[in-house]
Amino acid sequence: MTLVSFGETALRFAPPEGHRFETAREVSLRADGTASNVATTASRLGTESVWLSKLPDTPLGRRVVAELHEHGLETEVVWSDDGDRQGLTFYEDAAPPREDRLIQDRERVAAATITPGELPMDVIQAADVVFAAGSTAALSDTAAETLGAVLRATSGARALDLDFDPGLWDADTARERLERLFDAVDVLFLNEAEATTVFDRSGSPRELTHTLASSYDFDYVFLTRSEHGAVAYHDGVVHERDAIETDIVDSSGQHDAFVGAIIDRLIAGSATDEALLYGTAAAALARTMPGPLVPIEAEEVAALVDRETSGRR
C-alpha cells in the first residue's frame, strides 16, 4: 500500500494569533504544502508514503525537508543549486469581522523548473496511488507538464487536489490549465468555494459533486464544506457527512488532513462512506492543533471514528 505525492512545499511565516506582520515582534515558521501535508497524514495513519519535489539547496530548502522528516515522511528531493528560490507564504489569521490574509511569494521557486527526467519514474509507476497538488501547475508551464507526466506514469489510481489560490493565478487560467490534466485524474478533491469559483458552477454540494464527476469522468469527487462537513460521489451514489464538532485552534490544516485520511482509507480498500468518515475525523482533529502540518495520530482517528459510529447506532 503505497502513496507517491508530488508538489511544491513552501515555508509559512505567521505572527502570533490575531497579530499583523506590520506590528508583530515574532513569527512562527512551518512547512506548508498540500502534497507534503497530505502525504504526512497518510503516512502517520499507516500508508507507506513518499513526497517528491524540487527544492533549492539552501538552509530554507533543507528546513522544509527537516520538518517533514520529523513527522516520519519519506522524501525524494531534487536539489537545485542554480539560484532557484524557496517558496514562501505569509499568513495572518483573524477573528471576524476581520479576514485571514495569505500573501504568496512563489516567484522563481525551484519546483517551477522540475522536469519528468529528474523524478524517480520507477517509484511513480509502482505506486498504488499518485497524488498531486493543483497549485504546482500554477508555478510554470514546465511544472504543469511535469505534473501531468507524473499522473499519467502510474499504473495505480491518480488523485488531484484542486488547491486553488487566487494569489497564484486567476480562476480562468487555473481551470484551463487543470482541465488538460483531468483525463489523467480518477479522484478529485476540492472545497465548496473552489467548485463555484474555478468551475463557475452553482447548485447544492450534492449536485456539484455529481456534475463534476459526470462532466470530467472522475471515479470519485470529494468536496469539503468547512464547518458543514463533506460530500463524496462515487459510482452513481452521493454520500454526505456532517462535520464533527470540536474546539477550533487552527483550521488551516483540516482540508489536507481530510485528503490524507481519505487516500489512506481508499488504499486500504474501504468503502466511500467509511473513507468519508475517516476524512472528517482527521479534519476534526486537525482543527484542534496549530499550523498547516499537524501530527495526526492513527489511534486518535480510529477512536473518534468509533465514537461517531457508536453514536449513530
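Before any of the text, the structure's been laid out above.
Rules and cut-offs
- Residues numbered from 1 in each chain as written.
- Predicted model: local features only at pLDDT ≥ 70, side-chain atom pairs only at ≥ 80, totals over all residues.
- Heavy atoms only, no water.
- Core = buried A, V, L, I, M, F, W, Y, C linked by side-chain atoms within 4.5 Å.
- Buried < 20%, exposed > 50% of the residue type's maximum accessible area, 1.4 Å probe, protein only.
- Contact = heavy atoms within 4.5 Å.
- Pairing = 2+ DSSP bridges.
- Helix = DSSP H or I, 4+ residues; strand = E, 2+ residues; numbered from the N terminus.
- Axes fitted to C-alpha atoms, helices over the stretch in contact; angles between N-to-C directions.
- Patch = residues over 30% accessible without salt bridge, like charges linked within 9 Å, V, L, I, M, F, W, Y side chains within 5 Å.
- Areas by Shrake-Rupley, 256 points an atom, 1.4 Å probe, with all protein chains shown as cover.
- Salt bridge = Lys/Arg side-chain N within 4 Å of Asp/Glu carboxyl O.
- Lys, Arg positive; Asp, Glu negative; His and termini not counted.
- Charge placed at Lys NZ, Arg CZ, Asp CG, Glu CD.
- Right-handed = clockwise from strand over helix to strand, strands pointing away.
- Parallel < 35°, antiparallel > 145°, perpendicular 65-115°, else oblique.
- Left-handed = near helix turned anticlockwise from the far one by under 90°.
- Nonpolar A, V, L, I, M, F, W, Y, C, P; charged D, E, K, R; others polar.

1. Re the nonpolar core
The tendency in soluble globular proteins is for nonpolar side chains to be buried as a group. Leu-147, Phe-182, Leu-190 and Phe-199 are the most contacted members of the largest nonpolar core, which totals 42 residues. Those residues in contact with Phe-182 that sit more than four places away from it in its chain are Leu-160, Leu-162, Leu-188, Phe-199, Tyr-216 and Phe-218.

2. Let's talk about the sheet that holds strand S3 (residues 28-32)
Pairing is mixed in the open sheet, where four strands are placed in the order S3-S2-S6-S7. The sheet is open, and its two borders are formed by S3 and strand S7 (101-105), each paired with just one other strand. Strand-to-strand, the axes of this sheet are offset by a mean angle of 25°, without reference to chain direction. With five bridges connecting them, strand S2 (residues 10-14) and S3 associate as antiparallel partners. For Ala-10, the partnering residue across the bridge sits in S3 and is Asp-32.

3. A look at a negative patch on the surface
Together, Glu-48, Glu-74, Glu-76 and Asp-122 line one region of the surface with negative charge. Positionally, Glu-74 belongs in strand S5 (residues 74-80). On the accessibility criterion, Glu-74 (41% relative accessible area) is partly exposed.

4. Topic: the pairing of strand S8 (residues 129-133)
Taken across its five residues, S8 has five buried, putting it largely inside the fold. Side-chain alternation along S8 places Val-129, Phe-131 and Ala-133 on one buried face and Val-130 and Ala-132 on a second face that is also buried. Summarising the sheet, strand S1 (residues 2-6) and S8 pair through four bridges and their orientation is parallel. Its bridge partner being in S8, Leu-3 is matched across the sheet by Val-129. One crossover worth recording links S8 to the parallel strand S9 (residues 157-161) by way of helix H4 (residues 141-153), and it is right-handed.

5. Comments concerning the packing of helix H1 (residues 34-44) against helix H8 (residues 254-267)
Think of two packed helices as two axes; the pair is described by the angle between the axes and how far apart they sit. In the contact formed by H1 and H8, the axes pass within 7 Å of each other and the chain directions differ by 50°. Here H1 is positioned oblique relative to H8, judged by the angle of their axes. Handedness of the H1/H8 crossing: right-handed. Taken together, the residues of H8 that come into contact with H1 (itself represented by Thr-34, Asn-37, Val-38, Thr-41 and Ala-42) are Asp-256, Ala-257, Val-259, Gly-260, Ala-261, Ile-263 and Asp-264. Here the contact of H1 with H8 is composed, by residue class, of six nonpolar, four polar and two charged.

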